[in-house]
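Here's the letter readout for the chains.
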Amino acid sequence: MGLNALDLLVIVTYLCGVTLFGLRFRGKQRTLKGYFLADNTIPWWAISLSIVAAETSTLTVISVPGLAYEKDFRFLQLVIGYIVGRIVVSFVLIPQYFRGQLVTAYQLIERRFGGRLRSLTAGLFLVTRAAAEGVRVFAVAIVIRVALGSILIGLSDFGRDVTAIAMVTILTLVYTFEGGMAAVIWTDVVQLGIYLAGTLVAVFSIVHLVPGGWQTIQAAASQAGKFHIFSTSTNLSLTYTLWAGVIGGAFLTTASHGTDQLIVQRLLSARSERQAKAALLSSGVAIFFQFSLFLLIGAMLFVFYQLFPPAVAFSRTDTIFPIYIVSRLPHGLSGLLISAILAAAMSNLSAALNSLSSTTIVDFYARISPQSTEVRRVQLSRLATIAWALLLFGLALLARNGGKVLEMGLSIASVAYGCLLGVFLLGVLTQRASERGAMLGMLFGFAFNLYLWQFTGVAFTWYVVFGSTATFVVGYGASWLMPQVSPPQPTLQSAEGA
């Protein structure tokens, strides 16, 4: 039981290998466009795989199987909405991003409204992305605590968490700092392959260990209702229903993939608008199959542990998959699966560091110091990457204090996405909306979502729907009362001028 020297060798080999691979891209970036957009040299298929990797965190790998283990496949209703949202982004927002040399999503806001709203939207992204990412980084500690418990036995729980979080943060920082977006995307491609291969290994191992194989698993899981997908309930307090999934998921993805710099930066790295659309739409197909695979593992583990009950009952569902890996898989394969989970963590963290750094430099520093040189901006971009890594390390340690902090980090992202999407839609779909009206609508939408989150039982899957609608309606109405006195010029700043 537990990992041995072979497993540790596999894990160390992976960590060193992916870091060295990322370092292959060092020293090739001398401009902001080169550092943050890889000079638009990335093919669409690599961006597509990178998008999948970027939105797949350790929480996804360990928590989604737990959903099916505890309940069923209803989570897939949300994934259907993810695909619908990608279609909206492809035809509504991507064309806007490619009308000029943009580096961040929030430059589009300044082009349409003005600098104040750009600062507000970019600032909100920095705060909410950092909060959510701190939670995801902390999830690494859950896996490491299970996997390396016997090795870290001399350390306190706090010491184990610090060790786990520091290890992943430092190694990810090394190649993100040196290689910029090119290193992020190509290491994402490698890491996606690793954790999908590891997941398939887990599937085949469970089939092998269950007497009767797949037929037994299918019969038992079907009888327990694990493959049930659709719920037509109209109860707004239920998280996973057909309406919350398709409508809420579509709004959530339109916001996350159309207004969040984490994903928009990848789309802007494409060689053309057409390739950006191809990358985004194909990633939706990949995401559907990926989440189906994670849910299938949860259903399979349910059957497995019905036949072979654990010695100690599981305290939380997000430990079930890591415990299975460590306790049931042959040595070597256990190390591969733990490496796969670490791959998901590193790909998500690298994406966050690069997007936080780009927004900090392009949307704030470059506007404060417009005369600074490209060399100076690239240097500061690397320093900003280090600063954000330190901050995320601290936020991850704060997240260990309890489940309430975890829920807060994930929920606040949905709260913020509502008003962000509402502002972007005001800018793209209307001509009358003014900066002051949009700012008022944004503040109202954010406050409204905070109310829903704190004082109602409405599920988080509806936050973006209600928040963006409130932002759009109030912002448009306020713009009638407060029209733009002198609308900003429709000129675009280049990536060099930012």
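Counting restarts for each chain: residues are numbered from 1 in the order of the written sequence. Owing to the predicted nature of the model, reporting of local features is limited to residues with pLDDT of at least 70; listing and counting of side-chain atom pairs is limited to 80 or more, with chain, interface and lining totals taken over all residues. Derived side-chain values reflect all non-hydrogen atoms in the structure, with water molecules and hydrogen atoms excluded from consideration.

### Comments concerning the overall build of the protein chain
Inclusion rule: A run of H or I in DSSP becomes a helix once it reaches four residues, and a run of E becomes a strand once it reaches two; helices and strands are each numbered from the N terminus. Radius of gyration means the value over C-alpha atoms here, while the globule rule gives 2.2 Å times the residue count to the 0.38 power. Note on exposure labels: buried denotes an accessible area under 20% of the residue type's maximum, exposed denotes more than 50%, and partly exposed covers the range between, all computed with a 1.4 Å probe on protein chains only. Residues are treated as being in contact if the distance between any of their heavy atoms lies within 4.5 Å. Each accessible area is a Shrake-Rupley result for a 1.4 Å probe, and residues are judged covered by the shown protein chains and nothing else.
When helices and strands are tallied, the protein chain shows 18 helices and 0 strands. Its C-alpha radius of gyration of 22 Å places the protein chain within 12% of the 23 Å reference for a compact globule of 498 residues. The buried share of the protein chain, taken over its 498 residues, is 58%. At a minimum sequence separation of 6, the contacts of the protein chain that also span at least 24 residues come to 86%. If you sum the accessible surface of the protein chain, you get close to 19,100 Å²; carbon and sulfur atoms cover 67% of it.

### Topic: the environment of G134
Mapped onto the fold, G134 is located in helix α7 (residues 115–147). Here G134 falls in the buried class, since its relative accessible area comes to 1%. Between the alpha carbons of G134 and R271 there is a distance of 32 Å; along the sequence they are 137 residues apart. When sequence neighbours within four positions are dropped, the list of residues in contact with G134 reads L392, L395, A396 and A399.

### Some details on the pattern of salt bridges
Any two side chains of opposite charge can pair, so long as their charged atoms come close to each other. Here is the rule: Salt bridges are defined as contacts in which a side-chain nitrogen from Lys or Arg sits within 4 Å of a carboxyl oxygen from Asp or Glu.
Throughout the structure, instances matching the rule amount to 10 salt bridges. Between R118 and D363 there is a salt bridge, with the nearest N and O atoms lying 2.7 Å from each other. Of this pair, R118 sits in helix α7 while D363 sits in helix α14 (residues 333–368), placing them 245 residues apart in sequence. Residues R118 and D363 agree in their burial class; the two are buried. Overlapping salt bridges bring together E110, R118 and D363 as one network.

### A closer look at a nonpolar patch on the surface
Defined as follows: Patch membership needs two things, relative accessible area over 30% and no salt bridge, and members are linked within 9 Å if like-charged or within 5 Å if nonpolar (Val, Leu, Ile, Met, Phe, Trp, Tyr).
A contiguous nonpolar patch, built from I87, F91 and L281 and spanning about 290 Å² of accessible area, is present on the exposed surface. Among the structural elements, F91 can be located in helix α5 (residues 76–97).

### Description of the packing of aromatic side chains
To be explicit about the condition: Ring pairs are drawn from Phe, Tyr and Trp, using the six-membered ring of Trp, whenever the two centres fall within 6.5 Å, and their geometry is named by plane angle: stacked under 30 degrees, edge-to-face over 60, tilted for the rest.
Under the counting rule described, the total for this entry stands at 22 aromatic pairs. Ring centres 5.5 Å apart and planes at 70 degrees place the aromatic pair F75 and Y240 in the edge-to-face group. Note that F75 is positioned in the loop between α4 (58–70) and α5 and Y240 in the loop between α9 (213–223) and α10 (242–258), a separation of 165 residues in sequence. For F75, a relative accessible area of 9% translates into the label buried. The class for Y240 is partly exposed, based on a relative accessible area of 23%. On the basis of an interplanar angle of 5 degrees and a centroid distance of 6.3 Å, the ring pair of F472 and Y476 is categorised as stacked. With F472 and Y476 both in helix α18 (residues 463–481) and 4 residues apart, the pair spans about one turn of that helix. You can call F472 partly exposed: its relative accessible area is 25%.

### Here's the deal with helix α8 (residues 157–209)
An α-helix turns once every 3.6 residues. As a result, residues three or four positions apart point the same way. What counts is decided by this rule: Multiplying one less than the number of residues by 1.5 Å gives the expected span of a helix. A residue's bend is given by the angle between axes fitted to the 7 residues ending at it and the 7 residues starting at it.
Between its terminal C-alpha atoms α8 stretches only 32 Å, short of the 78 Å expected from 53 residues at 1.5 Å a residue. Taken as a whole, α8 carries its principal kink of about 130 degrees at G179.

### Comments concerning helix α11 (residues 261–268)
For α11, the tally of buried residues reaches 8 of 8 residues, placing the bulk of the element in the interior. Here α11 has its buried residues at Q261, L262, I263, V264, Q265, R266, L267 and L268.

### Here's the deal with the nonpolar core
Heads up, the rule is: What makes a nonpolar core is a set of buried Ala, Val, Leu, Ile, Met, Phe, Trp, Tyr and Cys residues whose side-chain atoms join them at distances within 4.5 Å.
Y97, Y195, I206, F291, L301 and L342 are the most contacted members of the largest nonpolar core, which has 145 residues in total. Among the elements that take part in this core, helix α12 (residues 273–307) stands out by supplying 17 residues, more than any other. Apart from residues no more than four positions distant in its own chain, L342 is found in contact with I11, Y14, L15, V140, I144 and V168. Of all hydrophobic cores here, the second largest spans 10 residues; its members include I412, V458, A459 and V465.

### Description of the packing of α11 against α14
To describe two helices that pack against each other, one gives the angle between their axes and the distance between the axes. Filter applied, for reference: An axis is simply a line fitted to the C-alpha atoms; with a helix, the fit covers only the stretch in contact. Between two such axes, the angle follows the N-to-C directions and lies from 0 to 180 degrees. Orientation labels follow simple angle bins: below 35 degrees gives roughly parallel, above 145 gives roughly antiparallel, 65 to 115 gives roughly perpendicular, and whatever is left gives oblique. Residues are grouped as follows: Ala, Val, Leu, Ile, Met, Phe, Trp, Tyr, Cys and Pro are nonpolar; Asp, Glu, Lys and Arg are charged; all remaining types, including Gly, are polar.
Where α11 contacts α14, the two axes come as close as 9 Å, and the packing angle between them is 85 degrees. Here α14 runs roughly perpendicular to α11, going by the angle between their axes. Residue-level inspection shows Q261, L262, Q265 and R266 of α11 in contact with α14, the latter providing A351, A352, N354, S355, S358 and T359. Along the lines of polarity and charge, the residues of the contact of α11 with α14 split into 3 nonpolar, 6 polar and 1 charged.

### Some thoughts on unusual backbone geometry
The phi dihedral of A38 falls on the positive side, at around 55 degrees, and the residue is not glycine. Tracing the backbone shows A38 in the loop between α2 (32–37) and α3 (44–54). You will see that D39, though not glycine, has its phi angle at about 55 degrees, which is positive. By the element assignment, D39 lies in the loop between α2 and α3. Classification of D39 by relative accessible area gives partly exposed; the value is 41%.

### Concerning the packing of helix α1 (residues 5–23) against α14
Put simply, the rule is: We call a crossing left-handed when the near helix sits turned anticlockwise from the far one by less than a right angle, and right-handed when that turn is clockwise.
Running from N to C, α1 and α14 point in directions that differ by 30 degrees, and their axes come no closer than 7 Å. What the angle tells us is that α1 and α14 run roughly parallel. Relative to α14, α1 is oriented so that their crossing is right-handed. In contact with D7, V10, I11, Y14, L15, V18 and T19 of α1, α14 contributes L333, S334, G335, L336, I338, S339, L342, A343 and M346.

### Here's the deal with the side chain of T471
Where we set the bar: For this analysis, a polar contact is any N or O atom pair within 3.5 Å, provided that within protein one partner can donate a hydrogen and the other can accept it, and provided that sequence-adjacent residues contribute only side-chain to side-chain pairs.
Within the fold, T471 resides in helix α18. Note on T471: relative accessible area 0%, which makes it buried. Separated by 3.4 Å, the side chain of T471 and the backbone oxygen of G441 make a polar contact. Residues contacting T471, with those up to four places away along its chain left out, are G418, C419, G422, V423, L426, G441, M442 and G445.

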